[in-house]
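Chain residues, written in single-letter form:
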Amino acid sequence: MRVVIADDSGLIRQGLANLLTEAGVEVLALAEDAEGLVALVGEHRPDVAIVDIRMPPTYTHEGARAALDLREAHPDLGILLLSQSLESRFVTDLARRHARGFGYLLKDRVTDVRVLLEALTSVASGGTVLDPEVVGHLLGRNELAEQLGRLSEREREVLELMAQGLSNRAIADRLVIEMKTVETHIARILTKLDLHQTPDEHRRVLAVLAWLRG
Amino acid sequence: MKAHRLVLGAVVGTELSALAGLGLADAYLASVGRADLTTGIAVYLTLVTGMVVAIAVGAVVALRQPSHPVGWLFLALAGSLVLVGGLGDEYAVWTNRYRPGSLPGPEIAAVISDSSWIPWFPLLALILLLTPDGRHLSPRWRGVAWLSAVSGSVAFLIGPFWREDLDSYGHVDNPWRVPFAPALEVVGTLCVYVMAACLVAAGVSVIVRFRRSRGDERRRLLWLVVALVPLPLFVVGAFVASALESDVLTLFASAGFVTVIPVAAGLSVLRYRLYDVDRVLTATTVYSLLTVALVATYAAVVWLGAELGTRWGAGPAISATAGAIAAAAVAAPLRRVIQTSLDRRFNRRAYDARQVVRAGLAEEDAGIDLTGLFRRALADDSLTVAYPADDAWVSPDGSAAPETGAAVSVTRHRRVVARIGFDPSRIDATTVSRTATLAATELDNGRLRAEVARRLEEIAASRRRLANAQRSERRRIERDLHDGAQQSLLALAFELQSAQVNGDPDRMRAALAAGAATARDAVRDLRELANGLHPAALADGGLSAALDDVARHSPVPVRLDVLPERLDPGLEFTAWLVLGEAIVNAQKHAGANAIDVGVVRQNGHLLLRVADDGHGGASPDGPGLRGMRDRVETARGELTVSTGPTGTTVEAVLPCGS
């Protein structure tokens, strides 16, 4: 696994690079702004670019915009956006339009190296990863409460993991249940939410998102 | 360029000297006991009045508008009157009757003086034809002017050759009389008729002009109408005067007669107070009619008194008194009646406008839309109402009023309560003013409502600014957290996690040591941030403790004079925010060497003061001071900022209840 990291904070940049290196990920280069990121990706051709959403000069969505440019130039590049605070609306829009090989996680989530590696693997192989906070935020929306109220506790958990881009196997492992049980849960969820089942995992997330965004 | 001024000065000088000479000659004749040869004091004074007025009007018009013929025509008229009619006549009298043969050419003087009145006709006709814009109404009317001038010239020129006996100067034989004089007499008489006809036609031209005119031109012509209205009064007065043989009354009547027309023509030409002419005309008419009515009332009562008096023996004094009382009693109501009926007949628009406003005021009570009402009444959709507030004008909704072109003020109890802006091409100031004055009370109420609306708007704006300030404050805190503690802690987590993944004990020990240091830094960051939000020292020790803290950490020396006691927490917090911001401003922007901070309590108020010795230049309307002001005003206090080369002083007064 080969990655490029872009973050304006030297502390975070270095900390993340150290952690990934320790975990056996090859960190090819570090960029401190969007421009540097685009150049480095062109140069090193990584599997995944890890990009801080807020970067100079305006500290709004420079990182995300750079990610869009990168996606155009390198369709196979996996992109993992990171942010310190929740940016649900912007990110869900992005996820709906560019779901393939796309991930978004809060930074405090990636201090757990297991989550970080899982997300990198998923994104690198074209999967979609969304931070549970984003999913939870959307699930918490009032107008959805009624329909979601039909879901059981376990089904909600499964839905959240689905939204995070986990495969059925991964969900089964995470919840320590049988694969068959997971499949049953998903079938029930999709039925309760009036969605048609599809085999493709990230399309499944998309469907969930599309429904969540109304 | 100034040539016309020289000519004007010479003409006016000559005419005035001639008038003076005439007076001196008369005075001399009277002093040598030949008063029978003089013009007579009443006639002379009338002449002087008329001349002076004509000369003055002519001079003013010629001075202001040298190319306008009417000014010069007046001067010519005055000249023909005083030089030919006055001095010439005096000369002829002197050399024919006072001392025959003492001066040369007695016959010629007599002949010329005898025709002196002829130029008056064409001159008057021209004045009437050319008032007010200096142009003829149409080419046809130009013909009238020519006809008048030619017939006048012919009559004047052939006069000396046919006149026979010139009796007014004793018996003077005309030496120039020609053999075919009777034929010339026919021509001369015909010319005089033509001249008179032309004068009448010129009068008609004024009427035609008035009927065709609109707007401003009509208003200019109205000045002539103003002059015509009281003329009958003077004429009647003159008859009464001659019947009573009262010199004073004669003088009054004839002076009025010879004064009003030139003055009115002059005002008309000069566009003097064009928008008041309606009012002047109405007033003139009202008072002329009122005079007639009052005199009639007086006369009727006196006559009745005399009739009854002879029967019951009451004296004439009693009936005169009764007449005066009766006249006084009917004066006020009569004026109202005349005014209303005149308005209804001649100033229909103003009358209707007032009717609409009266009806509107009677119909609605609270929350009346005065702007709409006036717009309807005066048929001017661009009309605006603005009220005075402090040193500005505000619209009825309390917002700042736009600038207006033409406007009138409405006053109540000698105080301006509103300003009505209007379009002068649609309505005149007098009508607007008189109509709006009817609603002065409602306008005063409107002013109060606008004042309240303006205050509310100010409060709303202040709230918006406070909300914005709060938002940017929160944004700043979020950024501080993002860039400070949050980042340190994230880095710490990464560090610890990578050491854990690495697994080497030395590496882990090093990571734990570094991690503890990072965690301490993060805690310190968080404490500072929390302190900025609401200093613990403020909660624990009040303003003096919190300010002590500030002074200890200030890069610029801060001298404190702060009352030690505790205050209401809300008040303490407001004071803290204001003082804190003022101190930070002084530290950051003033380049000061020292900052003085004072907090004292006085008469139920908390006085805050932050003074620095920096270079001044604080902008009272900048966002910083504006925010401070909003805070202070929200607490019902007052903020003053004085800034200059010797430093800036910010002072706030906050009510503190006790």
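None of these values were measured; they are calculated from a predicted model.

1. A closer look at the overall build of chain A
For chain A, the count of helices and strands is 12 helices and six strands. Counting contacts in chain A only where the partners sit at least 6 residues apart, residues at least 24 apart contribute 65% of the total.

2. A few points about the overall build of chain B
Summing up its helical and strand segments, chain B has 21 helices and nine strands in all. Here chain B holds 658 residues, and the buried ones make up 33% of them. Taking as baseline every contact in chain B between residues at least 6 positions apart, the subset at least 24 positions apart corresponds to 67%.

3. A closer look at unusual backbone geometry
Within the chain, Val 176 of chain A stands out as a residue other than glycine whose phi angle is a positive 55°. Take Val 176 of chain A: it is sitting in the loop between helix H10 (168-175) and helix H11 (179-192). The phi dihedral of Arg 414 of chain B falls on the positive side, at around 60°, and the residue is not glycine. Turning to its location among the elements, Arg 414 of chain B is positioned in the loop between strand S3 (406-412) and strand S4 (415-422).

4. Some points on the confidence of the model for chain A
Summary statistics for chain A give a mean pLDDT of 82 and a share of 83% for residues scoring 70 or more. Confidence, expressed as mean pLDDT per element, reaches its minimum in chain A at helix H12 (residues 201-213) of chain A with 57 and its maximum at strand S1 (residues 2-6) of chain A with 95.

5. Description of the interface of chain A and chain B
With 15 residues of chain A at the contact, the number on the chain B side is 12 residues. Of all the secondary structure elements, the ones that give two or more residues to the side of chain A that touches chain B are helix H1 (10-22) and helix H5 (107-110) of chain A. Residue classes in the side of chain A that touches chain B are distributed as six nonpolar, six polar and three charged.

6. As for the sheet that holds strand S5 (residues 558-562) of chain B
Backbone-to-backbone hydrogen bonds pair the strands of a sheet. The strands run either parallel or antiparallel. All names here are of chain B. Pairing within the open sheet is mixed, and its five strands lie in the order S5-S6-S7-S9-S8. The open sheet is flanked by S5 and strand S8 (638-644), the only strands paired with a single partner. Each strand axis lies, on average, 10° off the axis of its neighbour in the sheet, ignoring direction. Pairing analysis gives five bridges linking S5 to strand S6 (residues 595-602), with the strands arranged parallel.

7. Side note on the pairing of strand S7 (residues 605-612) of chain B
Note on strand geometry: in a regular strand, side chains alternate between the two faces of the sheet. Residues and elements named next belong to chain B. When S6 meets S7, the two strands line up antiparallel, connected through eight bridges. Opposite Gly 598, over in S7, you have Arg 609 as the bridge partner. Adjacent in sequence and paired antiparallel, S6 and S7 are bridged by two residues, among which Asn 603 carries a positive phi angle near 45°.

8. What about the sheet that holds strand S3 (residues 48-52) of chain A?
Residues and elements named next belong to chain A. One open sheet accounts for six strands, arranged S2-S1-S3-S4-S5-S6; its pairing is parallel. Every interior strand has two partners, whereas the edge strands, strand S2 (26-31) and strand S6 (128-130), have only one. Averaged over all pairs of adjacent strands, the angle between strand axes in this sheet comes to 20°, irrespective of strand direction. As paired strands, strand S4 (residues 78-83) and strand S5 (residues 102-106) are joined by five bridges and run parallel to one another. Directly across from Ile 79, in S5, lies its bridge partner Phe 102. Contacting S1, S3 and S4, helix H3 (residues 62-73) crosses the sheet at an angle of about 180° to S4.

9. Re the packing of helix H9 (residues 153-163) of chain A against H11 of chain A
Residue and element names in this part refer to chain A. Viewed as axis vectors pointing N to C, H9 and H11 meet at an angle of 90°, and their least axial separation amounts to 10 Å. It follows that H9 is roughly perpendicular to H11 by the angle criterion. Between H9 and H11, the residues in contact are Arg 154, Glu 155, Val 158, Leu 159 and Met 162 and Val 182, His 185, Ile 186, Arg 188 and Ile 189, respectively. In terms of residue class, the contact of H9 with H11 is made up of six nonpolar, one polar and three charged.

10. Some words on the confidence of the model for chain B
Residues and elements named next belong to chain B. Residues of chain B with pLDDT of at least 70 account for 90%, and the chain-wide mean is 82. Within chain B, S7 carries the highest mean pLDDT (93), whereas helix H9 (residues 231-244) carries the lowest (68). Scored as a whole, the predicted complex attains pTM 0.47, and scored at its interfaces, ipTM 0.72.

11. Notes on the environment of Ala 379 of chain B
Residue and element names in this part refer to chain B. Position of Ala 379 among the secondary structure elements: in the loop between helix H14 (370-378) and strand S1 (384-389). Of the residues examined, Ala 379 has 13 C-beta atoms within 10 Å and is grouped as partly exposed. Between the alpha carbons of Ala 379 and Ala 353 there is a distance of 8.5 Å; along the sequence they are 26 residues apart.

12. Focus: helix H6 (residues 113-124) of chain A
Residues and elements named next belong to chain A. Helix length check: H6 (12 residues) gives 16 Å between terminal C-alpha atoms against 16 Å at 1.5 Å per residue, within 8%. Leu 116, Ala 119, Leu 120, Ser 122, Val 123 and Ala 124 are the residues of H6 that are buried. Next to the buried residues of H6 lie S1, S3, S4, S5, H5 and S6. Gly 126 lies just past H6 and shows a positive phi near 90°.

13. A look at the environment of Arg 419 of chain B
Residue and element names in this part refer to chain B. As for its placement among the helices and strands, Arg 419 is situated in strand S4. For Arg 419, a count of 19 C-beta atoms within 10 Å translates into the label partly exposed. A C-alpha to C-alpha distance of 8.3 Å links Arg 419 and Trp 393, two positions 26 residues apart in sequence. Excluding its chain neighbours within four sequence positions, the residues that come into contact with Arg 419 are Ala 386, Trp 393, Ala 407 and Ser 409.

14. Overview of the nonpolar core
One finds Ala 49, Val 51, Ile 79, Leu 80 and Leu 81 of chain A to be the most contacted residues of the largest nonpolar core, which totals 61 residues. It is helix H17 (residues 485-502) of chain B that contributes the most residues to this core, six residues altogether. Structurally, this core is a two-domain feature, drawing no fewer than three residues from each of domain 1 (2-130) and domain 2 (136-213) of chain A. Filtering out sequence-adjacent residues up to four positions away, Leu 81 of chain A remains in contact with Val 51, Ile 53, Gly 63, Ala 64, Ala 67, Val 91, Gly 103 and Tyr 104 of chain A. By size, the runner-up hydrophobic cluster in this structure holds 56 residues, among which are Phe 74, Ala 76, Leu 77 and Trp 223 of chain B.

15. Some words on H14 of chain B
Residues and elements named next belong to chain B. Within the span of H14, buried status applies to Leu 370, Leu 373, Phe 374, Ala 377 and Leu 378. Seen from one end, H14 has its buried residues packed into an arc of 110°, which puts them on one side. Buried residues in H14 make contact with helix H13 (348-363), S1, S4, helix H15 (429-438) and helix H16 (440-483). Of the residues flanking the end of H14, it is Ala 379, one or two places downstream, whose phi is positive at about 50°.

16. Considerations on the packing of H13 of chain B against H15 of chain B
Each pair of packed helices gets described by two things: the angle between the helix axes and the distance between those axes. All names here are of chain B. It is at 9 Å that the axes of H13 and H15 come closest, and there the two elements cross at 20°. Taken together, H13 and H15 sit at an angle that is classed as roughly parallel. Note that H13 runs across H15; the crossing there is right-handed. Residue-level inspection shows Arg 349, Ala 350, Ala 353, Arg 354, Val 357 and Arg 358 of H13 in contact with H15, the latter providing Thr 431, Arg 434, Thr 435 and Leu 438.

17. What about the environment of Ala 353 of chain B?
All names here are of chain B. In this fold, Ala 353 is placed in helix H13. The sequence separation of Ala 353 and Leu 373 amounts to 20 residues, and the corresponding C-alpha distance is 9.6 Å. Residues contacting Ala 353, with those up to four places away along its chain left out, are Ala 377, Leu 378, Thr 431 and Thr 435.

Cut-off values and rules
- Along each chain, residue indices are assigned from 1 in the same order as the chain's sequence is written.
- Whichever chain is written first becomes A and whichever ligand is written first becomes 1, with later ones labelled in order.
- With pLDDT at 70 or above as the cut-off, local features in this predicted model cover only qualifying residues; side-chain atom pairs require 80 or more to be listed or tallied, and sums for whole chains, interfaces and linings still use all residues.
- Secondary structure follows DSSP: runs of H or I at least 4 residues long count as helices, runs of E at least 2 residues long count as strands, and numbering of each begins at the N terminus.
- Residues are treated as contacting if the C-beta atoms built from their backbones sit within 7 Å of each other.
- Exposure criterion: with C-beta atoms placed from backbone coordinates, a residue whose C-beta has 20 or more other C-beta atoms within 10 Å is buried, one with 12 or fewer is exposed, and one in between is partly exposed.
- Residue-level confidence of the predictor is summarised by pLDDT, bounded by 0 at the bottom and 100 at the top.
- In this classification, the charged set is Asp, Glu, Lys and Arg, the nonpolar set is Ala, Val, Leu, Ile, Met, Phe, Trp, Tyr, Cys and Pro, and all remaining amino acids, among them Gly, are polar.
- Only strands that DSSP links by at least two bridges are regarded as paired with each other.
- Note on method: axes are straight lines fitted to C-alpha atoms, helices fitted across the in-contact stretch only, with angles between N-to-C directions ranging 0 to 180 degrees.
- By definition in this entry, angles of less than 35 degrees are roughly parallel, angles greater than 145 are roughly antiparallel, angles of 65 to 115 are roughly perpendicular, and the rest are oblique.
- For a helix, the expected span equals 1.5 Å multiplied by the number of residues minus one.
- Core membership is restricted to buried Ala, Val, Leu, Ile, Met, Phe, Trp, Tyr and Cys residues, and these are joined into a nonpolar core through C-beta atoms within 7 Å.
- Annotation comment: domain bounds sourced from an automatic or database domain assignment.
- In this description, one arc is meant: the one made by directions from the helix axis to the C-beta atoms.
- By the definition used in this description, the sense in which the near helix is turned from the far one sets the handedness, with an anticlockwise turn below a right angle giving left-handed and a clockwise turn giving right-handed.

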